[in-house]
Amino acid sequence: MTRTDHPRGAAPSLPVIAGTAGSPVTSGRLRTVWRAAHAPVAGVPRWARLAAYTVPFTVLPSSLWRLPAVFDDGIGLGERAYIVFLSILSELVAFTAVGLVAAWGERFPRWIPGLRGRRVPTPAAVIPATLGAVILTVLWTAAFVTEFAGVTLRGEPTPADFPTQAGGWEAAIFYICYLPLLLWGPLLAAVTYAYHRRRTQ
């Protein structure tokens, strides 16, 4: 049998061609790195993982609901930029909950100078997350309580042009998009508790 022959019943190995046009090598590597960075670490309860992954989706509907206002002719460039910035920032802040179950929430990423690879002190993650959970829970609970009472957080009557005042499908869509925000604080609190318990055992 020559070197080019293959044992009977064995499939010949195919050559790997790197860098060919249209090959998914780069996207495959990015996907692998992404999954490795955000995969839950050992000891994370299943409920905590689900809660952490749910947090960004509680914010997403309201972020998307705001974006059509960018195309409104009645607002200026600065206001358009603010709407886009607020939606993106909200999602980024919500996504930090994933760090409480992933490796980058326990060790600083390599791209952070001076801290790369070092262990994240437990209080450095738990204290901001706890404060955030409390603030978000109080804020959105108060926002909806006052909304249902017909006033703003400042105690002023709800403006006539506010989406909930229009009634019908406009009010329904508003509530569908914003009611999930009531879960943001409690979910973050639950994930923070799991993080603290895991790191201090």
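The text that follows walks through the structure, step by step, so that each part is easy to find. (Residues numbered from 1 in each chain as written. Predicted model: local features only at pLDDT ≥ 70, side-chain atom pairs only at ≥ 80, totals over all residues. Heavy atoms only, no water.)

**Topic: the overall build of the chain**
Basically, it comes down to this: Only DSSP runs of H or I reaching four residues or more are called helices, and only runs of E reaching two or more are called strands; each is numbered from the N terminus. Each residue gets one of three labels from its accessible area relative to the maximum for its type: buried under 20%, exposed over 50%, partly exposed in between, using a 1.4 Å probe on protein chains only. Here, two residues are considered to be in contact whenever any of their heavy atoms come within 4.5 Å of each other. Here, Shrake-Rupley sampling with a 1.4 Å probe gives the accessible areas, and only protein chains in the shown set may cover a residue.
When helices and strands are tallied, the chain shows seven helices and zero strands. Listed by position from the N terminus, the elements making up the chain come as α-α-α-α-α-α-α. Each of the 201 residues in the chain was classed as buried or not, and the buried ones make up 29%. By sequence separation, contacts in the chain at least 24 residues apart represent 64% of the contacts at least 6 residues apart. Of the accessible surface of the chain, which amounts to about 13,600 Å², a share of 68% is contributed by carbon and sulfur atoms.

**As for the nonpolar core**
Note the following rule: Joining through side-chain atoms within 4.5 Å is the link that ties buried Ala, Val, Leu, Ile, Met, Phe, Trp, Tyr and Cys residues into a set, and such a set is a nonpolar core.
The biggest cluster of nonpolar side chains holds 30 residues, and the ones touching the most others in it are L100, W140, Y178 and W184. Looking at this core, the elements with two or more residues in it are α2 (46-66), α4 (122-148), α6 (168-178) and α7 (184-200). A per-element tally of this core places α4 first, with eight residues. Leaving out residues up to four positions away in the same chain, L100 has contacts with A125, A129, L188, V191, T192, Y195 and R198.

**Re the side chain of T164**
Definition in use: Any pair of nitrogen or oxygen atoms within 3.5 Å is treated as a polar contact; in protein, a donor-acceptor pairing is required on top of that, and neighbouring residues in sequence qualify only through side-chain atoms on both sides.
Tracing the sequence through the fold places T164 in helix α5 (residues 163-166). Polar contacts involving the side chain of T164 include one to the side chain of E147, which spans 2.4 Å.

**Description of helix α3 (residues 77-95)**
For clarity, the threshold we go by: How far a helix is expected to stretch is found by multiplying one less than its residue total by 1.5 Å. The directions from the helix axis to the C-beta atoms are what the arc is built from.
The end-to-end C-alpha distance of α3 is 27 Å, a good match for the 27 Å that 19 residues give at a rise of 1.5 Å each. All of the buried residues along α3 are I83, S87, S90 and A94. On an axial view of α3, the arc spanned by its buried residues comes to 65°, and they lie on one face. Seen from the buried face of α3, the exposed residues on the opposite side, beyond 90 degrees, are L77, G78, F85 and L92.

**Digging into α6**
Here α6 has its buried residues at A171, F174, C177 and Y178. End-on, the buried residues of α6 take up no more than an arc of 130°, which puts them together on one face. In α6, those exposed residues whose orientation departs by more than 90 degrees from the buried face are G168, W169 and I176. Considering only its buried residues, α6 is in contact with α2, α4 and α5.

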